[in-house]
Amino acid sequence: MAGTFSERLDEIKRRIGAACEKAGRDPDGVRIMAASKTQPPEKIREAADCGIKLFGENRVQEGRQKIPLSPSNLEWHMIGHLQTNKAREAVRLFKMIHSVDSAKLLAAVDAAGEQTGRLTPVFLEINVSGEGSKFGLAPENVPEVLKLANDLKRVEIKGLMTMPPAAEDPETARPFFRRLRELRDQWRDRSGFSLDELSMGMSHDFEVAVEEGATIVRLGTILFGERQKQANTED
Ligand SMILES: *Cc1c(COP(=O)(O)O)cnc(C)c1O
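Attention here is on the structure that accompanies the text. Computed from a predicted structure; not experimentally measured.

## So, the packing of aromatic side chains
Now for step 1: In total, this model carries 2 aromatic pairs according to the counting rule given.
Now for step 2: Ring centres 5.7 Å apart and planes at 55° place the aromatic pair Phe5 and Phe224 in the tilted group. Taken together, the positions of Phe5 in helix α1 (residues 5–23) and Phe224 in helix α9 (residues 221–224) put the pair 219 residues apart, joining distant regions of the chain.
Now for step 3: Residue Phe5 is classed as buried on the basis of its relative accessible area of 2%.

Given below as structure tokens:
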């Protein structure tokens, strides 16, 4: 992990720019999210000083501790698996939730919004491959969830998120990213939601994700360096 945070960020932006050029996309259509699990408040501050505004946390409990200690102008999203019984606190802490992976959780987020008067923008997490992440909706179950979402007043489906199976070669992830975009195009036409956002791509495969249409890349290791091992990254 060479250089300062700011040098690493510049290099990432250069690589995103090159991927956009290759795909004929506008680089302004890609946001960098710092996936900040396990990073202490000093690291959050350093990232914020370098211009990062968007942060993703995996656990409600960690967000509850860190967000109040961080600069107040940052935007926090929940990106880890969320238990239904923590939906209310997640809605309070986070502006958006990327990891809605069941109808039950969607309904819980909506109910939490009813209580607090908040409309929560969410992403549906899709298990495109049927393997890889153990979380995520099977594609065949999504139309039904979109239908439910149309009846809920306190959630808005902004887009889709996926985590492809881990692999050495970033190209291995390409078919999964592409499939997510194709599913989005298909569901957009049939649902009342524009589904503009695609949350996909991490440290080792973000350029491939950008080429395939990512609007948010979730970057941890490449920004902050290797993490301390975490017992589990779900909430
Ligand atoms: C940790 C994490 C990331 C970032 O992973 P890196 O490989 O370190 O970039 C992205 N998304 C989710 C959901 C994560 O838990």
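## Describing helix α6 (residues 142–151)
Now for step 1: Turning to α6, its buried residues number three or more, namely Val142, Val145, Leu146 and Ala149. For α6, the angular spread of the buried residues around the axis is 100°, confining them to a single face. More than 90 degrees from the buried face of α6, the exposed residues found are Glu144, Lys147 and Asp151.

## Considerations on the pairing of strand β3 (residues 75–78)
Now for step 1: Residues Glu75 and His77 point to one face of β3 and Trp76 and Met78 to the other, with burial holding for every one of them.
Now for step 2: With 4 bridges joining them, strand β2 (residues 54–57) and β3 adopt parallel strand pairing. Opposite Phe55, over in β3, you have Trp76 as the bridge partner.
Now for step 3: In this fold, the crossover linking β2 to β3 by way of helix α3 (residues 60–66) has right-handed handedness.
Now for step 4: Sheet analysis places β3 next to strand β4 (residues 96–100), joined by 2 bridges and oriented parallel. What sits directly across from His77, in β4, is Met96.

What counts and what doesn't
Residues numbered from 1 in each chain as written. Predicted model: local features only at pLDDT ≥ 70, side-chain atom pairs only at ≥ 80, totals over all residues. Heavy atoms only, no water. Phe/Tyr/Trp six-rings, centres within 6.5 Å; stacked < 30°, edge-to-face > 60°. Helix = DSSP H or I, 4+ residues; strand = E, 2+ residues; numbered from the N terminus. Buried < 20%, exposed > 50% of the residue type's maximum accessible area, 1.4 Å probe, protein only. Arc of directions from axis to C-beta. Pairing = 2+ DSSP bridges. Right-handed = clockwise from strand over helix to strand, strands pointing away.

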